[in-house]
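# Overview (structure and organization)
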Amino acid sequence: MKKRTFLKLSSALLATPALSPLMQFTTRDKLKNWAGNLEYSTDRLHPAQSVAQVQELVRKYPQLKVLGSRHCFNNIADSTHNLVSLEPMSEVVSLDANARTVTVDAAMRYGQLAPYLDRQGFALHNMASLPHISIAGATATATHGSGVKNGNLSTAVAGLEFVTAAGEVRTLSRQTDGDAFRAAVVHLGGLGVVTKVTLDLQPTFQMRQYVFENLPLAQMADHFEKIMSSGYSVSLFTDWQKKRLNEVWIKQRTDEKTPDTNFFGATLATKNLHPIAEISAENCTEQLGVVGPWYERMPHFRMGFTPSSGKELQSEYFVPRRQAVDAILAVERLRDAISPHLLISELRTIDADDLWMSPCYKQPSVAIHFTWKQDWPSVRKVLPMIESELAPFGVRPHWGKLFSIAPATLASRYEKMADFRQMLQQYDPQGKFRNAFLTQNIYGA
C-alpha cells in the first residue's frame, strides 16, 4: 500500500552555516556558495513554497535558475537575472513499500531523508561523502559516493516531476519514458525546475567503517581491484607525496568479511581520522569498526557538522576503471606542482550507468578528486596540467566542480551531447533556464 507522509525540514539541521542556504538571503552580503569561492551574479532570489508558486515564477520571468544547497564550486547554478529557491519544499511526499520507492520534494537533503527511510525499514543504495546536499541538485550533476558495484546517486532516480519553461508540470519515469528519461536525469539545470524526485530503495542495513594508514602506492599496480573491492564503499586519500596513500577508508556491510589487520602493507588506525590529517575527526562518521546505520557510515561527514574543511575548492575527474592505475600514476607525476595548493585528494570507484550526461555513461569509472586550498589563481594554473595528463584516458569532469576542459573536447567525450542539446531545446526553446555555464559547456560545444 502506498502511504502518504510528510517530513518537515527540521530547524535543528540548519544549525551551521554550511546547512543554511537561506541564512544569507536576508543579509546585505553577496550571496555565495557554501565554500565562499563563488559570488552569485544576482541578489534577486525568489522562494517557492509550492509547485503552483514555481509555475507562477517560471511564467513571470524570462530567465531564471534554481539555487539548491550551494555545494557546486562553479557557476552551473548561477544567474544574472533571477534565482529560485525551493528550500521550503522539503517533504517526503509518499513512500511506496511495495514498489520500494520514495517520492520527495526536490529541496530535501539526503541527511534529512535517510533517517526517515531507515525508520521505515529502507535504505538508499549509495550516498555522497556529504549528507548535506540536496537530492535534486546531486542527481542533476551525477554526484556520487563510491563502490565498484554502486552507481552514482542519479542511478537511483526512478522518476522526475518538473516545471517546463512554459510553466507546465511534466513527469518522466524510467518505466515509461526510455531515452527521454535517460536524457533528463542528469540535466545540469537546463531541463526546467525539478519539483519532485522518486528514488529506488532497498531494505535497510547496518555498516561498519575501518581506516588504514600509509598504503604503499606500489600496491596499486598489482592489487587495485582487490583494494577497491574490499568493502561496499572504499575511498583512498592521498597528498601525492612519499609514494603512498595516506588513508584507506573501507565501509562494509556487516555481512562482509572484515579486512585483514595488515591491509596490503597499510596499518589499521587506532583512532578516528579526518581525511585531512591536521583536522579533528569530530565531524567525521564513526570508524574503528563500530556498527551503525548505513546512513551514518557511507558519508564521510556527519549531518549537523560543517563538512570537510569548509573553505576550499574542489575539482574531480573521471577515467575508465580499466585504466585507473595508469591514470593515477600520471597524476602522481605532477605531485610537486599539485601538493603546494592541495589539502587532499580522494580516489573512488563508481559503476557504469546509461544516463546520457553522466561521467560514468557506459563505463565503470574511477574518480580522482582534488580538495584545494582556496587559492584560485594557483589552482587555475594546475588544472590544465592535470587535464593534459588525463587526456589519453578520455577524462570527463564532475559537472559541479572546477575544470578547464574545452567545450569541443567535452563534446567529443559525450556521445549523446548533441542529443542532449536537442532535448533541452525541446523543453526550453527560448533558453529560459540557460546560463553562462550551459552556454559555454553545452551549447558552445
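All residue numbers refer to position in the chain's written sequence, counted from 1. At least 70 in pLDDT is required for a residue's local features to be given in this predicted model, at least 80 for side-chain atom pairs to be given and counted, and no such filter applies to totals for whole chains, interfaces and linings, which use all residues. The basis for every side-chain value is the complete set of heavy atoms in the structure, and neither hydrogens nor water enter the calculation.

### Concerning the pairing of strand β20 (residues 365-372)
For β20, the buried fraction is high: eight of the eight residues fall into the buried class. Partly exposed describes any residue whose relative accessible area lies between the buried limit of under 20% and the exposed limit of over 50%, with all areas from a 1.4 Å probe on protein chains only and scaled to the type maximum. Here a helix means four or more residues in a row that DSSP labels H or I, a strand means two or more in a row labelled E, and each is numbered from the N terminus. Of the two faces of β20, the one carrying Ser365, Ala367, His369 and Thr371 and the one carrying Val366, Ile368, Phe370 and Trp372 are both buried. As defined by bridge partners, strand β18 (residues 313-320) adjoins β20 across eight bridges and the pair is classed as antiparallel. Bridging from a neighbouring strand, Phe318 pairs with Ala367 of β20. Both strand β19 (residues 342-350) and β20 contribute to a ladder of eight bridges, which runs antiparallel. Pairing between two strands requires that DSSP report at least two bridges joining them.

### As for helix α5 (residues 219-228)
Listed as buried for α5 are Met220, Phe224, Ile227 and Met228. Looking straight down α5, one finds its buried side chains confined to an arc of 95 degrees; they lie on one side. Relative to its buried face, α5 has exposed residues pointing more than 90 degrees away, namely Asp222 and Lys226. Arc, as used here, means the arc of the directions from the helix axis to the C-beta atoms.

### Brief notes about the nonpolar core
Within soluble globular proteins, side chains that are nonpolar generally end up buried alongside one another. Counting residues in hydrophobic clusters, the biggest one holds 122 residues, and the most contacted among them are Trp294 and Trp399. Ranked by residue count, the leading element in this core is helix α6 (residues 324-332), at six residues. Apart from residues no more than four positions distant in its own chain, Trp294 is found in contact with Ala114, Leu117, Asp118, Phe122, Ala123, Leu124, Met127, Thr204, Phe205, Met207 and Pro299. Core analysis: the second largest hydrophobic core is formed by eleven residues, Leu273, Ile276, Cys284 and Ile344 among them. Each nonpolar core is a collection of buried residues, namely Ala, Val, Leu, Ile, Met, Phe, Trp, Tyr and Cys, held together in the definition by side-chain atoms within 4.5 Å. Any two residues having at least one pair of non-hydrogen atoms within 4.5 Å are treated as being in contact.

### Topic: the confidence of the model for the protein chain
Confidence of the predictor in every single residue is expressed as pLDDT, which spans 0 to 100. Confidence in the prediction for the protein chain averages 91 pLDDT; 92% of positions are at 70 or higher. Contacts for the low-pLDDT stretch residues 1-27, under 50 throughout, to residues beyond four places or in other chains number 63 contacts.

### Regarding the packing of aromatic side chains
Only centres within 6.5 Å qualify two rings of Phe, Tyr or Trp (six-membered ring in Trp) as a pair; their planes then separate them into stacked at under 30 degrees, edge-to-face at over 60, and tilted for everything else. All chains considered together, the criterion is met by 15 aromatic pairs. Ring centres of Phe162 and Tyr427 lie 5.4 Å apart, and the angle between their planes is 80 degrees; on these two criteria the pair is classed as edge-to-face. With Phe162 in strand β8 (residues 157-163) and Tyr427 in helix α10 (residues 417-427), this pair connects stretches of sequence that are 265 residues apart. On the basis of relative accessible area, Phe162 is assigned to the buried category, the value being 0%. Under the relative-accessibility criterion, Tyr427 is labelled buried at 8%. Judged by centre distance (6.4 Å) and plane angle (80 degrees), the ring pair of Trp399 and Phe437 falls under edge-to-face. Linking Trp399 in the loop between β21 (396-397) and α9 (407-413) with Phe437 in helix α11 (residues 436-443), this pair joins segments that are 38 residues apart in sequence. For Trp399, a relative accessible area of 0% gives the class buried. Among the aromatic side chains, those forming a connected cluster through ring pairs are Phe205, Tyr232, Trp294 and Tyr295. Over the aromatic face of Tyr414 sits the side chain of Arg396, whose NZ or CZ is 5.1 Å from the ring centroid. Comment: the charge-over-ring label is applied if NZ (Lys) or CZ (Arg) is within 6 Å of the ring centre and within 35 degrees of the ring normal. Note that Lys416 overlies the ring of Trp356, its terminal NZ or CZ placed 4.4 Å from the centroid.

### Overview of the packing of α10 against α11
For helices, the fitted line uses only the C-alpha atoms of the stretch in contact; every axis is such a line through C-alpha atoms, and the angle between N-to-C directions lies from 0 to 180 degrees. Orientation of α10 relative to α11, taken along the N-to-C sense of each, is 140 degrees, at an axis distance of 11 Å. It follows that α10 is oblique to α11 by the angle criterion. Of α11, the residues touching α10 (which contributes Met417, Phe420, Arg421, Leu424 and Gln425) are Asn441, Ile442 and Tyr443. When residues are sorted by character, Ala, Val, Leu, Ile, Met, Phe, Trp, Tyr, Cys and Pro go into the nonpolar class, Asp, Glu, Lys and Arg into the charged class, and all the rest, Gly among them, into the polar class. In terms of residue class, the contact of α10 with α11 is made up of five nonpolar, two polar and one charged. Working rule for angles: under 35 degrees goes down as roughly parallel, over 145 as roughly antiparallel, 65 to 115 as roughly perpendicular, anything else as oblique.

### Notes on the sheet that holds strand β4 (residues 83-85)
Reading across the sheet, the three strands line up as β2-β4-β3 and stay open at both edges, with parallel pairing between neighbours. Edge positions in the sheet fall to β2 (45-47) and β3 (65-66), since each has one partner strand and no second. Judged from the two bridges that link them, β3 and β4 form a sheet pairing that is parallel. Its bridge partner being in β4, Val66 is matched across the sheet by Val84.

### Considerations on the pattern of salt bridges
Salt bridges are defined by distance alone: a side-chain nitrogen of Lys or Arg within 4 Å of a carboxyl oxygen of Asp or Glu. The full count for this structure, using the stated rule, is 14 salt bridges. For Lys362, the salt bridge is made with Glu415, and the minimal N-O distance between the two is 3.5 Å. Of this pair, Lys362 sits in the loop between β19 and β20 while Glu415 is found in the loop between α9 and α10, placing the two residues 53 residues apart along the sequence. Each member of the pair Lys362 and Glu415 is classed as exposed.

### Remarks on the environment of Leu236
Mapped onto the elements of the fold, Leu236 is located in strand β13 (residues 233-238). Sequence-wise, Leu236 and Lys373 are 137 residues apart; in three dimensions their C-alpha atoms are separated by 19 Å. Excluding residues that lie within four positions of it along the chain, Leu236 makes contacts with Met220, Ile227, Met228, Leu245, Glu247, Val248, Ser345, Glu346 and Leu347.

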